[in-house]
Amino acid sequence: MIAKPQNRVFGKQQRHHTIIVASGDTVRHMTVRPWMAAIAVCLTGIFSIGYLLATSYLVLRDDLIGATMARQARMQYDYEDRIAALRAQVDRVTSRQLLDQQVVEEKVDKLIEQQQQLSSRNGKLGTLLDRAESSGLTDKSQHPDANAAVPGNEHAQLTAPKAIEKLLLGGKPADVTPDNSTLAYVPAPETVADRADRVFSKVTLSLKHVEQDQLTRIRNLTADASGTANEIQTIMHNVGIKIPNEVALAKGEDADNGVGGPYVPPENVDQFERSMADLDTALTHLETVRGAAESLPFRNPAAGKLITSPFGNRKDPFFGTLALHTGTDFHFSPGEKIKATAPGKVIASGWTGGYGNMVEIDHGDGISTRYGHMEQVLVKVGDKVGAGAVVGLAGSTGRSTGTHLHYEVRENGHPVDPMYFINAGTKLASYISGLGAI
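Residues numbered from 1 in each chain as written. Predicted model: local features only at pLDDT ≥ 70, side-chain atom pairs only at ≥ 80, totals over all residues. Heavy atoms only, no water.

Novice: How do you make sense of the pattern of salt bridges when you look at a structure like this?
Specialist: Charged atoms that come close allow side chains of opposite charge to pair. As enumerated under the stated definition, the model contains six salt bridges in all. A salt bridge links arginine 370 to glutamate 360, with the nearest nitrogen and oxygen atoms 3.2 Å apart. Placement of the pair is arginine 370 in strand E10 (residues 367–377) and glutamate 360 in strand E9 (residues 357–364), with a sequence separation of 10 residues. An identical accessibility class is assigned to arginine 370 and glutamate 360; each is buried. Between aspartate 383 and lysine 380 there is a salt bridge whose closest N-O contact spans 3.3 Å. (Salt bridge = Lys/Arg side-chain N within 4 Å of Asp/Glu carboxyl O. Helix = DSSP H or I, 4+ residues; strand = E, 2+ residues; numbered from the N terminus. Buried < 20%, exposed > 50% of the residue type's maximum accessible area, 1.4 Å probe, protein only.)

Novice: Could you clarify how one ought to interpret the confidence of the model for the protein chain in this entry?
Specialist: Looking at the protein chain, the pLDDT average stands at 77 and 76% of residues meet or exceed 70. In this model residues 245–255 is a low-confidence stretch, pLDDT under 50, and it forms 15 contacts with partners more than four residues away in sequence or in other chains. (pLDDT = per-residue confidence, 0-100. Contact = heavy atoms within 4.5 Å.)

Novice: Looking at this model, I keep getting lost on the packing of helix H1 (residues 34–134) against helix H5 (residues 271–294). Mind explaining?
Specialist: Angle between the axes and distance between the axes are the two parameters that describe a pair of packed helices. At a minimum axis distance of 10 Å, the contact between H1 and H5 shows a crossing angle of 20°. On the basis of their axis angle, the class for H1 and H5 is roughly parallel. As H1 packs across H5, the resulting crossing turns out to be left-handed. Contacts between H1 and H5 involve Arg121, Lys124, Leu125, Leu128, Arg131, Ala132 and Ser134 on the former and, on the latter, Phe272, Glu273, Met276, Leu279, Asp280, Leu283, Thr284, Glu287 and Arg290. (Axes fitted to C-alpha atoms, helices over the stretch in contact; angles between N-to-C directions. Parallel < 35°, antiparallel > 145°, perpendicular 65-115°, else oblique. Left-handed = near helix turned anticlockwise from the far one by under 90°.)

Novice: Explain a nonpolar patch on the surface here, please?
Specialist: A cluster of nonpolar residues, Tyr57, Leu58, Val59, Leu60 and Leu64, forms a patch on the protein surface that exposes about 520 Å² of accessible area. Summarising the element assignment, valine 59 is placed in helix H1. Valine 59 sits in the exposed class, given a relative accessible area of 56%. (Patch = residues over 30% accessible without salt bridge, like charges linked within 9 Å, V, L, I, M, F, W, Y side chains within 5 Å. Areas by Shrake-Rupley, 256 points an atom, 1.4 Å probe, with all protein chains shown as cover.)

Novice: Explain the UniProt feature "transmembrane region" (unreviewed entry) in the protein chain to me, please; I cannot follow it from the model alone.
Specialist: Cross-referencing UniProt, the feature "transmembrane region" (unreviewed entry) maps to residues 35–60 in the present numbering. In this annotation, residues 35–60 is assigned 100% helix and 0% strand; the end-to-end C-alpha distance for the span is 37 Å. (UniProt positions renumbered as here; feature names shortened; annotations may be inferred.)

Novice: Any chance you could explain the pairing of strand E6 (residues 328–331) here in plain terms?
Specialist: Side-chain positions along a regular strand alternate between the two faces of the sheet. Sheet analysis places strand E3 (residues 307–309) next to E6, joined by two bridges and oriented antiparallel. Note that in E6 the partner of serine 309 across the bridge is aspartate 329. Across four bridges, E6 lies against strand E13 (residues 404–411) in antiparallel orientation. Bridge assignment links histidine 331 to a residue of E13, and that residue is histidine 404. (Pairing = 2+ DSSP bridges.)

Novice: So what exactly am I meant to see when it comes to H1 here?
Specialist: Residues spaced three or four apart along an α-helix point in a common direction, a consequence of the helix completing one turn every 3.6 residues. Here H1 is 101 residues long and its end C-alpha atoms lie 140 Å apart, about the 150 Å a rise of 1.5 Å per residue gives. Note on H1: the residue one or two positions beyond its end, glycine 136, has a positive phi of about 90°. (Expected span 1.5 Å × (residues − 1).)

Now the structure itself:
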């Protein structure tokens, strides 16, 4: 074998690896270059790394999936806990709102009940006030009734539940109760229950003021009625008029004279009802006394006219001797109307001896009046006449020396001085309108 000459300048020549593949007669060869080896190594490394990564993923996949599922489970539990807390908070708010609504409804019902009670009382009081007015009593002070609007307050016109509910819900709607995260210096909003308490207190105070005003009004009228009745009775006593039995019963002189019976505890009488009963009793007493006074001859039959001859002993105009003049003479013009001084029944009418044409009227309780020397009589026996009714025309019949009215007042058939009654009527006129003069 002859050796090939070597390159002395560049050194030993580099030889490439050759891969020879023989198959039968066919021989193939492939020269392996360095870059091809590098590529093969890189591919092998990449495959190995991918294999390792795939193997690691397959090994760690269950752990990753488990961790992910656990994390999702924790998140779900957190959301469920949050939802449960929110639901519980909503339930608390709803429960509180229901409780607040129940409280408001109860207080509204109570206010309506109080208002209706005051309205009912005001109706009863109105009836008594009408009676007091017809009896000549006047209310010294005016007070608002149960339905009157209270100026300056927001609890006016409490005539319906909607009105009160409007007052309770008329403010800014209340928010939910703040939780612990709310800043301490932020004031809590006013709830419906708080507003109900505030409005309820104001309305209750106003209703109590109305009730107190009503009670004061009733007491004042009761005192006025009792005082007026006592004054009228005193004036009637001064002229010798006895108190009728009805007045004594109305005054209650025999009301407490019980004679026995089983003991039963007293009823709890409401203060307002008791005051109303006292006022009713006082008005009944006053009406009875007033009616008794109006039925008696306290009016002046000839207001403003000259008295020509008073009651008492005088010189008789016909005989010139001392004689009892049983009445009072008033100057009248011929044909002038003569009127009754009190209501009653005519028990005598026509010519009666020295009276001439005379009318006698029975007024009850033994009191009667006579009107003598009339020119003409205009009533007959049995007629019922009222105060101020014309009973005849003035004249000069019988034992008379001139046209005048001979006016007598008799008590149980005995003549009394008519001026006692006329003067008493002048005093009674300040308590009873229409007395004092016809």
